[in-house]
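Examination of the molecular architecture
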Amino acid sequence: MIRALSAKFITSSPSIKEAPSFVTSEVVFLGRSNVGKSSLINALVNQKNLAKSSSTPGKTQLINFFEAEFCEEREESEKEKFKLILVDLPGFGYAKVAKSKHDEWRKNLDEFLKFRSDIRLFIHLIDARHFDLDIDVNVDSYLKSFLRADQKILNLYTKSDKLNQSQKSAIMKFDPSGILVSTLSKSGIDKAREAIINHALGR
């Protein structure tokens, strides 16, 4: 059983050049605007307002870094603590900004994702109600195009509480390694947390 002990905001950066190095494994969260990245990060660390969510798609424009500490409880009261850096990226797809700004975001995010050496895990958040959109398929192909041997991709399907059982089964047939999550019902959160920790630590 893995529990979240604490989490705190560290800093925001517009690009990889301004981002400090933490010498700690990093987990990057990315997905379409309004897919629920901030809500999921809050659920994973068991806090309500660590990552600020917005009803305005595209409002998050910076790369946000959080430090989270977790504890794994094992047999015979043995416990292990470890820290990860959680990285909340700007959402893609809906932001109403000038094309020049979009191009700047794309360049900064492309450099960060490809060249940030401490990234161990990419969390691709996908709206469970629209799980096979071209934009998400393209993101998956994009990540795989430069994925290193020490990196992994984990797909989390958000808002799964809005699906019936047959719809959930369709997603698992489409992506057997994906995890259905809901920050509203809290379903899948523990499973997602454990998968994230294990992947990020190279288990």
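Our subject is the structure listed above.
Remember, it's a predicted structure, so these values are computed and weren't measured experimentally.

Turning to the environment of S15, a few remarks are in order. Among the secondary structure elements, S15 is positioned in the loop between strand 1 (2-13) and strand 2 (26-31). The class for S15 is buried, based on a relative accessible area of 5%. Measuring from C-alpha to C-alpha, the distance between S15 and N108 comes to 5.1 Å, with 93 residues separating the pair along the chain. Excluding residues within four positions of it along the chain, S15 makes contact with I63 and N108.

By way of backbone hydrogen bonds, the strands of a sheet pair with one another, either parallel or antiparallel. Judged by pairing direction, the sheet is mixed, and its 7 strands sit side by side in the order 1-3-4-2-5-6-7 without closing on themselves. The open sheet has two edge strands with one neighbour each: strand 1 and strand 7 (179-180). When strand 2 meets strand 4 (residues 79-88), the two strands line up parallel, connected through 4 bridges. Pairing of F29 across the sheet is with D88, part of strand 4. Sitting on the sheet, helix 1 (residues 37-44) touches strand 1, strand 2, strand 3 (63-73), strand 4, strand 5 (119-127) and strand 6 (152-158), and the angle it makes with strand 2 is about 145 degrees.

Bringing the side chain of H124 into the picture now. Residue position: H124 is located in strand 5. What makes H124 buried here is its relative accessible area of 1%. When near neighbours in sequence (up to four residues on either side) are disregarded, H124 contacts L30, G31, F92, D136, V139, D140, L154, N155 and L156.

Mapped onto the elements of the fold, R116 is located in the loop between helix 2 (99-115) and strand 5. In this structure R116 comes out as buried when scored by relative accessible area, which is 6%. At 2.8 Å, the side chain of R116 and the side chain of E26 are in polar contact. For R116, the residues in contact, after removing those within four places along its chain, are I16, A19, P20, S21, F22, E26, F65, E111, R148 and Q151.

Considering soluble globular proteins, one finds that nonpolar side chains tend to be buried as a cluster. V27, F29, F70, L86, I123, L156 and I196 are the most contacted members of the largest nonpolar core, which has 32 residues in total. Breaking this core down by element, the ones donating at least two residues are strand 1, strand 2, helix 1, strand 3, strand 4, strand 5, strand 6 and helix 5 (189-200). It is helix 5 that provides the largest number of residues to this core, a total of 6 residues. Look past the residues within four positions of L156 in its chain and what remains in contact with it is L40, I123, H124, L125, I126, I179, V181, A192 and I196. Within the second largest apolar cluster, 18 residues are counted, among which are L109, F112, L113 and F122.

All right, on to the packing of aromatic side chains then. With the rule as written, the count across this model stands at 6 aromatic pairs. With centroids separated by 5.4 Å and ring planes inclined at 55 degrees, the aromatic side chains of F22 and F65 adopt a geometry described as tilted. Taken together, the positions of F22 in the loop between strand 1 and strand 2 and F65 in strand 3 put the pair 43 residues apart, joining distant regions of the chain. For the pair Y142 and F146, a centre-to-centre distance of 5.0 Å together with 75 degrees between the ring planes defines the contact as edge-to-face.

Quick notes on the rules
- Residues numbered from 1 in each chain as written.
- Predicted model: local features only at pLDDT ≥ 70, side-chain atom pairs only at ≥ 80, totals over all residues.
- Heavy atoms only, no water.
- Helix = DSSP H or I, 4+ residues; strand = E, 2+ residues; numbered from the N terminus.
- Buried < 20%, exposed > 50% of the residue type's maximum accessible area, 1.4 Å probe, protein only.
- Contact = heavy atoms within 4.5 Å.
- Pairing = 2+ DSSP bridges.
- Axes fitted to C-alpha atoms, helices over the stretch in contact; angles between N-to-C directions.
- Polar contact = N/O pair within 3.5 Å; in protein donor to acceptor, adjacent residues only side chain to side chain.
- Core = buried A, V, L, I, M, F, W, Y, C linked by side-chain atoms within 4.5 Å.
- Phe/Tyr/Trp six-rings, centres within 6.5 Å; stacked < 30°, edge-to-face > 60°.

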